Amino acid sequence: MSADASIGATVPATANTDLVQVEDLWIAAPDGRDLVAGVSFGLARGGSLGIVGESGSGKTLTTRALLGLLPHGISVTSGSVGFDGLDLRTLRRKEWEQVRGSRIGAVFQDPASYLNPSIAVGKQLTEVLRVRGGLTRSAARERAAELLESLGLHRVDLVLTQYPHELSGGMLQRVLLAIAICLGPELLIADEATTALDVTVQADVLDLFDTVRARAGLALVLVSHDLAVVARSTENLLVMRNGEVVESGPTTQVLANPQHPYTQLLVEHHDAYSLAGYLEKETADV
Ligand SMILES: Nc1ncnc2c1ncn2[C@@H]1O[C@H](COP(=O)(O)OP(=O)(O)OP(=O)(O)O)[C@@H](O)[C@H]1O
């Protein structure tokens, strides 16, 4: 799909055909303090990018800029946030509706807080398919069941009638993922989406990201404090500290052979065993 010329402004044309082009992004707090300072990265269509860094390093704010959802009072002060040739900074509220949730989907750490506790999850999913996807009631129901089944849920007819509190964390994350991908986005943002899950469920959900990406050619931005998670699921990596990118490059290369002292520290303090499997090949190549 190409940029819709009817919404927003386009980013200056370059030879770069990346789906996501973030250039020299600065984000500031209400008191003027810089929270994100000069972050740049690109992400190819169908590609994957991990963002790691300690708490407060600016990972979430960077991805929130891609969703046009910065917390109240926090603003982008300069730089550009390009998506398929569109400058997201110039979108108006109405225009965001054509992008957020449809062309860019997102899943977060606490799926329950993104679902309405008093509405059955099936209704929440079918509403998106009906209202935003234009499907009829019965087509939406059929599509919702299909989607949940493809995301590894069993007895989906029952699940569709259940309320968020009746589902486990892993099931809720699958429901949220179904909502995030049901309109066929080109980009999925996953911000600590597997952090609260136990290790086996976490692996299942990460497998689902792979499946969905392969099936739909989806690009992925994966924010995690866990180096093993990004090592497993992303091709390229940004390491952030104090709002800045201190190191970037192919994930296996950055983690197997970190150049910046901060990345070295992160790798050193990470459970070496959990990283080893993913880095084996790279280490053998170095
Ligand atoms: N609503 C807010 N008001 C003021 N400062 C904020 C707000 N949200 C985030 N910040 C500040 O912005 C900086 C970057 O926050 P951000 O949430 O992007 O970090 P992060 O790397 O995602 O951390 P974590 O891993 O803890 O989620 C931090 O210093 C944080 O305190």
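Calculation notes
- Residues numbered from 1 in each chain as written.
- Predicted model: local features only at pLDDT ≥ 70, side-chain atom pairs only at ≥ 80, totals over all residues.
- Heavy atoms only, no water.
- Helix = DSSP H or I, 4+ residues; strand = E, 2+ residues; numbered from the N terminus.
- Buried < 20%, exposed > 50% of the residue type's maximum accessible area, 1.4 Å probe, protein only.
- Contact = heavy atoms within 4.5 Å.
- Areas by Shrake-Rupley, 256 points an atom, 1.4 Å probe, with all protein chains shown as cover.
- Expected span 1.5 Å × (residues − 1).
- Near = heavy atom within 4 Å.
- Polar contact = N/O pair within 3.5 Å; in protein donor to acceptor, adjacent residues only side chain to side chain.
- Nonpolar A, V, L, I, M, F, W, Y, C, P; charged D, E, K, R; others polar.
- pLDDT = per-residue confidence, 0-100.
- Salt bridge = Lys/Arg side-chain N within 4 Å of Asp/Glu carboxyl O.
- Pairing = 2+ DSSP bridges.
- UniProt positions renumbered as here; feature names shortened; annotations may be inferred.
- Axes fitted to C-alpha atoms, helices over the stretch in contact; angles between N-to-C directions.

**Let's talk about the overall build of the protein chain**
Part 1 of the argument: Each helix and strand in the protein chain was counted, giving 11 helices and 11 strands.
Part 2 of the argument: For the protein chain, with 286 residues in total, the buried portion stands at 49%.
Part 3 of the argument: A fraction of 67% describes how many contacts in the protein chain between residues 6 or more apart in sequence connect residues 24 or more apart.
Part 4 of the argument: Working note: accessible area of the protein chain is about 13500 Å², and carbon and sulfur atoms make up 51% of it.

**A word on helix H6 (residues 169-181)**
Part 1 of the argument: In a regular helix each residue adds 1.5 Å, so 13 residues correspond to 18 Å; H6 covers 18 Å between its end C-alpha atoms and thus fits that length.
Part 2 of the argument: Most of H6 sits inside the fold, with 11 of its 13 residues counted as buried.
Part 3 of the argument: If you check which residues of H6 are buried, you get Gly170, Leu172, Gln173, Arg174, Val175, Leu176, Leu177, Ala178, Ile179, Ala180 and Ile181.

**Some details on the site of the ligand**
Part 1 of the argument: Around the ligand, the neighbouring residues are Leu35, Glu54, Ser55, Gly56, Ser57, Gly58, Lys59, Thr60, Leu61, Pro71 and Ile74.
Part 2 of the argument: For the ligand, an oxygen atom lies 3.0 Å from a polar atom in the backbone of Gly58.
Part 3 of the argument: Note that an oxygen atom of the ligand is positioned 2.8 Å from one of the side-chain N or O atoms of Thr60.
Part 4 of the argument: At 3 residues, the largest contribution of residues to the shell around the ligand is made by helix H1 (residues 59-67).
Part 5 of the argument: Its residues assigned to classes, the shell around the ligand shows 4 nonpolar, 5 polar and 2 charged.

**Observations concerning the environment of Ser78**
Part 1 of the argument: By the element assignment, Ser78 lies in strand E5 (residues 75-83).
Part 2 of the argument: When the C-alpha atoms of Ser78 and Gly47 are compared, they prove to be 26 Å apart, with 31 residues separating the residues in sequence.

**Re unusual backbone geometry**
Part 1 of the argument: The phi torsion at Asp24 lies on the positive side, around 45°, for a residue other than glycine.
Part 2 of the argument: By the secondary structure assignment, Asp24 is in strand E2 (residues 20-28).
Part 3 of the argument: Classification of Asp24 as partly exposed rests on a relative accessible area of 40%.
Part 4 of the argument: Its identity as a non-glycine residue notwithstanding, Arg155 has a phi of 45°, on the positive side.
Part 5 of the argument: Residue position: Arg155 is located in the loop between helix H4 (137-150) and helix H5 (156-161).

**Some details on the confidence of the model for the protein chain**
Part 1 of the argument: Across the protein chain, the average pLDDT comes to 89, with 90% of residues at 70 or higher.
Part 2 of the argument: Scored below 50 in pLDDT, residues 1-5 makes 11 contacts in the model with residues more than four places away or belonging to other chains.
Part 3 of the argument: The ipTM value of the predicted complex is 0.95, and its pTM value is 0.89.

**Let's talk about the pattern of salt bridges**
Pairs can form between side chains of opposite charge whenever their charged atoms are close.
Part 1 of the argument: For the structure shown, the criterion picks out 14 salt bridges.
Part 2 of the argument: In this structure, the salt-bridge partner of Lys94 is Glu97, at a minimum N-O distance of 3.4 Å.
Part 3 of the argument: When the shortest N-O distance is used, the salt bridge between Arg232 and Asp207 registers 2.2 Å. With Arg232 in helix H8 (residues 227-233) and Asp207 in helix H7 (residues 199-216), the pair connects residues that are 25 residues apart, well separated along the chain.

**So, the pairing of E2**
Part 1 of the argument: Across 7 bridges, the pairing between E2 and strand E3 (residues 34-43) is antiparallel. Residue pairing in the sheet places Gln21 in a bridge with Gly42 of E3.
Part 2 of the argument: Linking E2 to E3, which pair antiparallel, is a turn of 5 residues; within it Gly32 sits at a positive phi near 90°.
Part 3 of the argument: Pairing between E2 and E5: 7 bridges, direction antiparallel. Looking at E5, one finds that Gln21 is bridged to Gly82.

**Some words on the side chain of Thr263**
Part 1 of the argument: For Thr263, the position within the fold is in helix H10 (residues 261-269).
Part 2 of the argument: Its relative accessible area of 1% is what places Thr263 among the buried residues.
Part 3 of the argument: Within the local environment of Thr263, its side chain forms a polar contact with the side chain of Glu247, the two groups lying 2.7 Å apart.

**Regarding the UniProt feature "domain: ABC transporter" (unreviewed entry) in the protein chain**
Part 1 of the argument: On the UniProt side, "domain: ABC transporter" (unreviewed entry) is annotated at positions that read residues 20-267 here.
Part 2 of the argument: Spanning residues 20-267, this segment combines 39% helix with 26% strand, and its end C-alpha atoms are found 27 Å apart.

**Examining the sheet that holds strand E8 (residues 187-191)**
Part 1 of the argument: Strand order in this open sheet of 6 strands is E7-E8-E9-E4-E10-E11, and the pairing throughout is mixed. Pairing within the sheet leaves two strands with one partner each, and these edge strands are strand E7 (104-108) and strand E11 (244-250). Within this sheet the neighbouring strands show an average axis-to-axis angle of 15°, counted without direction.
Part 2 of the argument: Alignment of strand E10 (residues 236-241) against E11, held across 6 bridges, turns out to be antiparallel. Its bridge partner lying in E11, Asn236 is registered against Pro250.
Part 3 of the argument: Packing of H10 onto the sheet brings it into contact with strand E4 (48-53), E10 and E11, and relative to E10 it is tilted by some 105°.

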